[in-house]
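# Analysis of the macromolecular model
What follows is each chain in one-letter form.
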Amino acid sequence: MRYLFDPQEVFAVPVKGEDAVYPVRRIFCVGRNYAAHAAEMGGEVDREAPWYFTKSVMHAVLSGAALAYPAGTSNYHHEMELAFAIGAEVFEADEAEAATAIFAYGCALDMTRRDRQQDGKDHRRPWSLGKDVEGSAVFAEMTRSGEFTVADQEIGLRVNGEQRQHGELRDMVWSPVEIVMHLSKFYHLGPGDVVMTGTPSGVGPVVAGDNIHGTIEGLAPVELALMVTKS
Ligand code: MN
């Protein structure tokens, strides 16, 4: 088979202690999974079921990237999140199957054009321009689930050294296992599927020249630099 042009390279994330990397095929994101963040957005968490939006894998970058401030926004926000990666095929999972299917955890950023997301909310339109932004899904090296258990670890984010976001993983409304149980009712999940689990409170704007540094106790940090040059 000859392609008319070179296909996109596979985006893959390093895994601690592994020579091989994890190739990503889909990125799911959970909305409003921390009550304090839902409140700062003027909403409430949904305790009946989690809900989702997606990002194109073409819009993913690795931690350490230096990107231009994106076009089409004057209110680009940081959202620090725990991501997890699926390592086995799983559909309509029960609790044990969901737990087994989680291969690894890592720090991630869900960068957001907040003004465009607000347009979507105001006009009842999709969030694509707000959320599916080029370079907006940032992934750090992941750690296998055998070496990391979600408990009360601190999750936080600093911009230019100044603390902006802070929370604990136990504040998540829906745990990773519960998310897999629910999301696998709608998708045949499998290796290559990554889920961002929502952000704690303290989201806010960044500007060109900012350095973003997100941490979760026990995981490799995630970093993003916004260059001063125009996109
Ligand atoms: Mn988010």
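Residues numbered from 1 in each chain as written. Predicted model: local features only at pLDDT ≥ 70, side-chain atom pairs only at ≥ 80, totals over all residues. Heavy atoms only, no water.

### Here we look at the overall build of the protein
Helices and strands together make up the secondary structure of the protein, namely five helices and 18 strands. The C-alpha radius of gyration computed for the protein amounts to 17 Å, which stays within 12% of the reference 17 Å derived for 231 residues, consistent with globular compactness. A principal-axis box enclosing the C-alpha atoms of the protein has dimensions of 50 × 45 × 35 Å. By the burial criterion, 48% of the 231 residues in the protein qualify as buried. For the protein, long-range pairs separated by at least 24 residues make up 78% of all intrachain contacts whose partners lie at least 6 apart in sequence. When the accessible area of the protein is evaluated, it comes to approximately 11,500 Å², of which 50% is carbon and sulfur surface. (Helix = DSSP H or I, 4+ residues; strand = E, 2+ residues; numbered from the N terminus. Rg over C-alpha atoms; globule rule 2.2 N^0.38 Å. Buried < 20%, exposed > 50% of the residue type's maximum accessible area, 1.4 Å probe, protein only. Contact = heavy atoms within 4.5 Å. Areas by Shrake-Rupley, 256 points an atom, 1.4 Å probe, with all protein chains shown as cover.)

### Looking at the sheet that holds strand β10 (residues 112-113)
With antiparallel pairing, the three strands of this open sheet are ordered in space as β10-β7-β16. The open sheet is flanked by β10 and β16 (204-205), the only strands paired with a single partner. (Pairing = 2+ DSSP bridges.)

### With respect to a negative patch on the surface
A grouping of Asp-94, Glu-95, Glu-97 and Glu-178 is seen on the molecular surface, where their side chains present a negatively charged patch. Take Asp-94: it is sitting in the loop between β8 (80-86) and α2 (95-101). Classification of Asp-94 as partly exposed rests on a relative accessible area of 40%. (Patch = residues over 30% accessible without salt bridge, like charges linked within 9 Å, V, L, I, M, F, W, Y side chains within 5 Å. Salt bridge = Lys/Arg side-chain N within 4 Å of Asp/Glu carboxyl O. Lys, Arg positive; Asp, Glu negative; His and termini not counted. Charge placed at Lys NZ, Arg CZ, Asp CG, Glu CD.)

### Side note on the pairing of strand β14 (residues 162-168)
Pairing of strand β13 (residues 154-159) with β14 involves six bridges; the strand directions are antiparallel. Within β14, the residue paired with Arg-158 across the bridge is Gln-163. Linking β13 back to β14 in an antiparallel pair, the connection comprises two residues, with Asn-160 at a positive phi of about 50°.

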